[in-house]
Amino acid sequence: MGAGALIEDVEPENAERQRWLALAEKALAGASFEEKLVSHSDDNIRIEPLYDRSTAAEPIVRANPKLPWIVSQRIDDPDIDRASTQALEDVAQGATGLSLVFEGAPNAFGYGLPRTTKALETVLDDVPLNRVQVRIDAHPWSRAVADWLVAFLSKRRSDPAKLNLSFGIDPAAIFAGTGRLRMSIEALQASMPQSLAHFFSMGVPGVLLEADGRVFHNAGATEAQELGIMLASAVSYLRMFETARQPLVYAAPHIGFALSVDQDQLLSMAKVRALRRLWARVQEACSIPTSTANIHAETSFRMMTAMDPETNILRTTIACFAAASGGADSISILPHTIAHGLPAGFARRVARNAQLIMANESHIDHVADPAYGSGAVEALTSELCELAWAELQTIEAEGGVLSSLQDGHIQKRVHTAAAQRNAAYRAGERTIIGTTLYPLKNERPVETLAAERRPAFTEGVAVCEPLFPVRIDQSIGAAS
């Protein structure tokens, strides 16, 4: 056989892709490949219908990938006794974490535990703290609640160093979510390092400061905007400690993150993975050893619908799967009835059991980074990293996250993103199953708990335009 024949028998490297493209073109029958098979994310990331396998250098994993993620249940009932019962039932039925959501928190959606020592102690009184993570959701009095929690642990003779705690202190999320700060930006930046110094001396291994992106997501931010704002918050914490001459190498591991995941599985997976990569890059830029990001994921509030609320179970399940396979350390699922009021026991149980099934029956956590090598997810991860870093640089040029919020720059970009998304829904380019597509003709009654909505936080010295959570079905006028 001649050399020419041998060369002819050798297929090009992308032969399979070329064959697929030929079949796709045939199936399209003259229709536009770009219009039919290529889509774009809110950040205008091009999403192809087919990707080659990635040759990424290494997997992106959690701090301890051998352990399952933490199944965290929200405790947000204004009735303290009911909240205590909920907490004990959740733990007895398999939850491994509790997220305490107090009134006034941007993520309380109008409800939340009373802001009292009694509420905290009552809810945690019989909880086995040695095997349950306790998260304090970011809210205006997080610093005071941190002291209450430490005092409560001392009373119970529990060693904080042996527990898994997250204190949820995040000035940027509070400023954005309420439009208020209890002191000036300058006073906050000067006082925070000293205020938190004794926590470092206690050797508490948990998260003291949290960069919370959920406020921005639920107000309409894109994936890259949410990531960039979280990074800017984390950088502001590092800068505060650097100014106070406190070693960043000790501060960085105590900075955690909270983000939203929605029904877009691939983008949500990529967002969690991108956050780990970005935080490692920030620490490298600070010339400190990289610590693995501690990430809490919560399902999106803005994707929830009032019409046909059972479809929310599907959305939150996809979002939870994305968070788990993307490598979140802890996950909370919003109950599917949350658009109608304070969720009752059945909705809370569905939220909890969805996670337990994924963890204990589907064993999603048995693979450290399931998306590793996936051309689609790796490409989205890289694109989000680039765009989020650009957002971080923009915020830094605006004076940092608090100054950018005070001047309204971040709010303007978030509102623009929300308006563009809403326009796509109104134009029919995007649809919501059960709401804009196949809507129910007759709504069924929805069970919720009797609870009064809590008043908004109005105290403060520093003021900015608040970013309130808005569901997409509300903003496009499709909510019942």
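Since the structure is predicted, the reported quantities are computational estimates derived from the model, not experimental observations.

K.L.:
Account for the environment of glycine 400, naming residues and giving values.
P.N.:
Mapped onto the fold, glycine 400 is located in the loop between helix H15 (375-397) and helix H16 (401-406). A relative accessible area of 8% means that glycine 400 is categorised as buried. Note: C-alpha distance between glycine 400 and valine 235 (165 residues apart in sequence) is 8.6 Å.

K.L.:
Residues and numbers for the packing of aromatic side chains, please.
P.N.:
The tally for this structure, following the rule as stated, stands at 2 aromatic pairs. Ring plane angle 10 degrees and centroid distance 4.1 Å describe the contact between phenylalanine 109 and phenylalanine 301, whose orientation is recorded as stacked. Here phenylalanine 109 is found in the loop between strand E4 (97-100) and helix H5 (117-124), whereas its partner phenylalanine 301 is found in the loop between strand E10 (294-299) and helix H13 (311-326), with 192 residues between them in sequence. The pair formed by phenylalanine 109 and phenylalanine 301 is uniform in burial state, with each residue classed as buried.

K.L.:
Quick one: what's the story with the sheet that holds strand E6 (residues 165-169), residue by residue and with numbers?
P.N.:
Reading around the circumference, E3-E4-E5-E6-E8-E9-E10-E11 is the order of the 8 strands in this closed barrel, with parallel pairing throughout. For this sheet, the mean angle separating the axes of adjacent strands, direction not counted, is 30 degrees. Examined bridge by bridge, strand E3 (residues 70-75) and strand E11 (residues 330-332) share 2 bridges and lie parallel to one another. Within E11, the residue paired with isoleucine 70 across the bridge is serine 330. On the sheet, helix H4 (residues 80-92) packs against E3 and E4 and is oriented at approximately 165 degrees with respect to E3. Against the sheet, helix H6 (residues 142-155) contacts strand E5 (133-136) and E6, and its axis sits at roughly 155 degrees relative to E6.

K.L.:
Break down the packing of helix H12 (residues 265-285) against H15 for me, with residues and values.
P.N.:
Two numbers describe how H12 lies on H15: the axes approach to 8 Å, and their chain directions differ by 50 degrees. Compared by their axis directions, H12 and H15 come out oblique. You can see that H12 and H15 cross each other, and the crossing is right-handed. On the side of H12, the interface is formed by Leu266, Leu267, Met269, Ala270, Lys271, Arg273, Ala274, Arg277, Leu278, Arg281 and Val282, while H15 contributes Ala376, Val377, Glu378, Leu380, Thr381, Ser382, Leu384, Cys385, Ala388 and Trp389. When its residues are assigned to classes, the contact of H12 with H15 shows 14 nonpolar, 2 polar and 5 charged.

K.L.:
Give me the lowdown on the pairing of strand E9 (residues 255-261), citing residues and values where you can.
P.N.:
The buried fraction of E9 amounts to 7 of the 7 residues, a majority that puts the element mostly inside the structure. Alternating residues of E9 divide into Ile255, Phe257, Leu259 and Val261 and Gly256, Ala258 and Ser260, and every residue in both groups is buried. Pairing of strand E8 (residues 207-212) with E9 involves 4 bridges; the strand directions are parallel. Bridging across to E9, leucine 209 finds its partner in isoleucine 255. The sheet contact formed by E9 and E10 spans 6 bridges and is parallel. Paired with serine 260 across the two strands is glutamate 298, which belongs to E10. A crossover links E9 with its parallel partner E10, the connecting element being H12, and its sense is right-handed.

Rules behind the numbers
Chains are numbered independently. Their residues run from 1 in the order of the written sequence. At least 70 in pLDDT is required for a residue's local features to be given in this predicted model, at least 80 for side-chain atom pairs to be given and counted, and no such filter applies to totals for whole chains, interfaces and linings, which use all residues. Only hydrogens and water are removed before side-chain values are computed, so all heavy atoms of the structure are retained for them. Numbering of helices and strands runs from the N terminus, with a helix taken as a DSSP run of H or I at least four residues long and a strand as a DSSP run of E at least two residues long. Exposure classes here rest on a 1.4 Å probe applied to the protein chains alone. A residue is buried below 20% of its type maximum, exposed above 50%, and partly exposed in between. Pairing of aromatic side chains here covers Phe, Tyr and the six-membered ring of Trp, requires ring centres within 6.5 Å, and sorts the geometry by plane angle: under 30 degrees stacked, over 60 edge-to-face, intermediate tilted. What makes two strands pair is DSSP finding at least two bridges between them. Note on method: axes are straight lines fitted to C-alpha atoms, helices fitted across the in-contact stretch only, with angles between N-to-C directions ranging 0 to 180 degrees. Working rule for contacts: check all heavy atoms of both residues, and any pair within 4.5 Å makes them a contact. Relative orientations are named as follows: roughly parallel for angles under 35 degrees, roughly antiparallel for angles over 145 degrees, roughly perpendicular for angles from 65 to 115 degrees, and oblique for any other angle. By convention the crossing between two helices is left-handed if the near helix lies anticlockwise of the far one by an angle smaller than a right angle, and right-handed if it lies clockwise. Think of it as three bins: nonpolar holds Ala, Val, Leu, Ile, Met, Phe, Trp, Tyr, Cys and Pro, charged holds Asp, Glu, Lys and Arg, and polar takes everything else, Gly as well. Assignment of crossover handedness uses the view with strands pointing away from the viewer, where a clockwise path from the first strand over the helix to the second indicates a right-handed crossover.

Bear in mind that shape data such as this cannot, by itself, settle questions of function.
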